[in-house]
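Structural features, examined
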Amino acid sequence: MAEAGSFADRVKQQADIVRVVGEYVRLKKSGQNFTGLCPFHAEKSPSFAVHPTKQIYHCFGCGVGGDVFKFVMEMEKCAFPEAIRIVAEKCGIAVPRQKERSPEERKENQQRALLVEMHREAQTFFVKQLEATLEGKAAQAYLEDRGLDKEAMTRFGIGYAPSGGDALLRHLKPKGNEKLLVESGLVSLDQSGGRLFDRFRRRITFPIANESGKIVAFGARALGDDMPKYLNSPETPIYSKSNVLYHMDRAKEGIRRQDFAILVEGYLDAIAVARAGISNVVASCGTSLAEPQIKLLGRFTRRVIVNYDPDAAGQIATERSLSLLLEQDFEVRVLALPPIGNKKADPDLFIREKGAEEYLKQLKEALPYVDYLIARARQMDLTSGEGKRQAVNFLLPYVQKIPNRILRSEWATRIAQQLRLDEPVLRAALSKAAAERRSELKIQPELVARAAKPVERRLIRMLAEAQGFRQELAKQLQNTRLYHGLETEKIFEALVIASLSGQPVQATEVGAALEDRDRRLLFEILFEEANEPTWEEAMSCIETLQHRRAERELADVQRSIEANPPGQELRGLLEKKQELMRRLAAAR
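Residues numbered from 1 in each chain as written. Predicted model: local features only at pLDDT ≥ 70, side-chain atom pairs only at ≥ 80, totals over all residues. Heavy atoms only, no water.

In this structure, Gln390 sits in helix α17 (residues 385–400). Considering only alpha carbons, one finds Gln390 and Ala377, 13 residues apart in sequence, at a separation of 8.4 Å. (Helix = DSSP H or I, 4+ residues; strand = E, 2+ residues; numbered from the N terminus.)

Now the structure itself:
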C-alpha cells in the first residue's frame, strides 16, 4: 500500500491509470469508464474495465482488479517497488535512488501514518470548537455573513482554531512526542526553542485533503485583523503544496464527467462555485500553480477555465498559470468576472451578489486564452512603435511555450490583426526569437515603423494638396471615420479639421499639432513624388479602406463565433458574418 506522503503515494496521485493500462490493453471509452479485452484471460468480448476517476481496474470475467501498481505487477511479473519505478518512469516522474528499506525508513512510514491520524484528530477538534464554543459561535456568525449556512460548514468540514494558543496542543499530546507534533505543522516552536504553541489561533480552518480524501493539511483565515489573513500548513512529510489541489478529492469525478476544470485561487472561491452546483472546481490555495498540480489535473482533463481574482496579483497568477498549462498542451480559457459596483469581483463575491445562474453564463463566455492575453497587451500604448514592441514581448513567452505548431501559427495571425502589425514581418521576428530561445524581440524597424499603407499615404497627400475636392473628401472621411484605428489616425484627424476650416492647409501648422513621430511621417509623405490627384482616385482609396474595415470586422465576428456564445447572440453573429461576406464579395 502507498503510504500518505511517500514517493509511491506521489506517483499514484500523478499517474493516469488509463494511460498506463492503455500501453498494454487497447481501451475504448464506454460511458465514464474504458473497456477492453482482459489481458489476464482469453476472451472475445471485452469484460475488462478501467475506472479513470477511482483509478482502478476490474475484469468482470475473471475477477482480477486493483490499482495501477497491481496491474503493472501482474503484467511485468515484478514486485511492488519495481512497479512503482515502472509507473514513475512511464509518467515522467524522477525516481530517487533505490535503497533497501532501513529501520529508519520503516520508522518514517510509521510516522507518516501517525501524522495522518493527527490531522484527522485535529479536524474533529476544529469542528467541535466551531460548533460548541462561544468563539466558535462568533466564527459561525462571520461565515453566515459570507453566505455559508450550517449545511455548507458541515459539507466542507469548516472548523475553528481557538485563540488560547495551546488547546490543540493539549488535545494532541497523547498522540505523539513533541518532535512529531512540530513535524505535523499543527504545532510550532517559539524562537527560543523552549515553548510549543498552536500554529493556528483564532482562525477559521479549512481541511485540505489529498486526492484520495485523507486530510494532510489546513488552510486558516484570521477571524479578526491578524496577519497574514490566510495561513496554510507548512511543508510536512505528508503534505507538499505543489502536489495538492484544494477540493480535488470531491471534484475529480465532475472534472472527468464534464471534461474541464475550473481553477480558482482560494478556499471560499472553490466552496462558492461548488455550492452553486458546479462540482468540477479546484483551488490552488492562494499559491502559484505548480507543474505537479497540472499533471494531477491532466489525469482527469486537458481543458481548464482559469478564474483567478481580478486584482494585479490575480492577473500575474493567471498569466503564470497560462504559461505552465500551455507547456503541458492544455486547452485554456480565462474568465475575468465583471466588477460588482466599484468592487473587483472574485468568484465568491460574484456568486453571492449575482447568483449561480449569472456565474454559469459568465463561465460559458470565458475567453480563449489567446484573446484574453491579446486584450491585456492592447491595454499598452499601441500608438508608438516601442509600445507595440513591448506588447509583442509580453505575448512572446506564451507563443514560445505552445508545443503545437498550428496553434503557434494561429497566434501570429491574431497578434498581427489585433495589434495592427505586418504579419509576415512579425512571423519572421517570432521565428527568429524562438530559434534563438530569446524571450524578447530586438527592436526591428520593419515591425515597429509607422510606414503607412500606400492608400493611406495617398489620401493624406490629397487632404493636404487637392484644392478642388479636399473639403468634400474631408467630409466623407469624417462621416465614415474610416481612418479610425489606423497608424495614421492622428494625421488624418489633424488634416480633416484643417480641410473643413475652408482655409488653405499649412503643413507646418498641421505638423505643429502632432507628436514628433506623426509629424515626421506627414512630412515624409508630403515630400514623395506623386501624380496629380483625381476624385475618382480618392473614391477608389475610400473603397479600399471600407474593404479593409469589413475584413477586420469579419475577423472579429469570427473570433466571437469561435468563443461559442449563447444561442441568440450566436445567431446574430452568424447573420452579421453573412452580411459582411456579401459586402466583401460585392466589392470584388
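Even without glycine at this site, His247 takes up a positive phi of about 80 degrees. Position of His247 among the secondary structure elements: in the loop between β11 (230–232) and α10 (248–258). Owing to a relative accessible area of 7%, His247 belongs among the buried residues under this scheme. (Buried < 20%, exposed > 50% of the residue type's maximum accessible area, 1.4 Å probe, protein only.)

As a further point, take the pattern of salt bridges. Evaluation of the coordinates by the stated rule reveals 22 salt bridges. Across the salt bridge formed by Glu23 and Lys90, the nearest N and O atoms sit 2.7 Å from each other. A residue pair is termed long-range when its members are at least 10 positions apart, and Glu23 in the loop between α2 (17–22) and β1 (28–30) and Lys90 in helix α4 (residues 80–90) qualify at 67 residues. Salt bridges sharing common partners tie together Glu82, Arg85 and Glu89. (Salt bridge = Lys/Arg side-chain N within 4 Å of Asp/Glu carboxyl O.)

Moving on, we come to the sheet that holds strand β10 (residues 215–222). Pairing is antiparallel across the open sheet formed by 4 strands, whose spatial order is β6-β9-β10-β11. Looking at strand neighbours, the two that pair on one side only are β6 (159–161) and β11, the edges of this open sheet. Strand-to-strand twist across the sheet, computed as the mean angle between neighbouring axes with direction ignored, equals 35 degrees. On the sheet, helix α11 (residues 267–275) packs against β9 (203–209), β10 and β11 and is oriented at approximately 70 degrees with respect to β9. (Pairing = 2+ DSSP bridges. Axes fitted to C-alpha atoms, helices over the stretch in contact; angles between N-to-C directions. Contact = heavy atoms within 4.5 Å.)

Packing of helix α21 (residues 454–465) against helix α22 (residues 470–480) leaves a shortest axis separation of 8 Å and a crossing angle of 130 degrees. Relative to α22, the element α21 lies oblique. The handedness of the crossing between α21 and α22 comes out as left-handed. Every residue of α22 that contacts α21 at Leu459, Met462 and Leu463 is listed here: Arg470, Leu473, Ala474 and Leu477. Residues of the contact of α21 with α22, tallied by class, amount to 6 nonpolar, no polar and 1 charged. (Parallel < 35°, antiparallel > 145°, perpendicular 65-115°, else oblique. Left-handed = near helix turned anticlockwise from the far one by under 90°. Nonpolar A, V, L, I, M, F, W, Y, C, P; charged D, E, K, R; others polar.)

Counting 67 residues, the largest nonpolar core has Ile158, Leu186, Ile204, Tyr246, Ile262 and Tyr359 as its most contacted members. Those residues in contact with Tyr359 that lie beyond four places of it in its chain are Ile262, Val273, Ile278, Asn307, Leu335, Leu337, Pro347, Phe350 and Ile351. With 44 residues, the next largest nonpolar core counts Val282, Tyr308, Ala377 and Leu395 among its residues. (Core = buried A, V, L, I, M, F, W, Y, C linked by side-chain atoms within 4.5 Å.)

This brings us to the sheet that holds strand β4 (residues 56–59). Within the open sheet, the 5 strands sit side by side as β1-β2-β3-β4-β5. Their pairing is antiparallel. Pairing within the sheet leaves two strands with one partner each, and these edge strands are β1 and β5 (65–66). As paired strands, strand β3 (residues 48–51) and β4 are joined by 4 bridges and run antiparallel to one another. Within the sheet, the bridge partner assigned to Ala49 lies in β4 and is His58. Of the strands in this sheet, β3, β4 and β5 are in contact with helix α3 (residues 68–76), which crosses β4 at around 55 degrees.

This next bit is on the pairing of β9. Within β9, 7 of the 7 residues are buried, which leaves it mostly tucked inside the rest of the structure. With burial as the criterion, each face of β9 is covered, one bearing Arg203, Thr205, Pro207 and Ala209 and the other bearing Ile204, Phe206 and Ile208. Note that β6 and β9 share 3 bridges and pair antiparallel. The partner of Ala161 across the bridge, within β9, is Arg203. Summarising the sheet, β9 and β10 pair through 7 bridges and their orientation is antiparallel. Within the sheet, the bridge partner assigned to Phe206 lies in β10 and is Gly219. Here β9 folds back onto β10, and the loop between the two strands holds 5 residues, one of which, Gly213, carries a positive phi near 95 degrees.

Everything listed is a geometric property; what it means functionally is a separate question.
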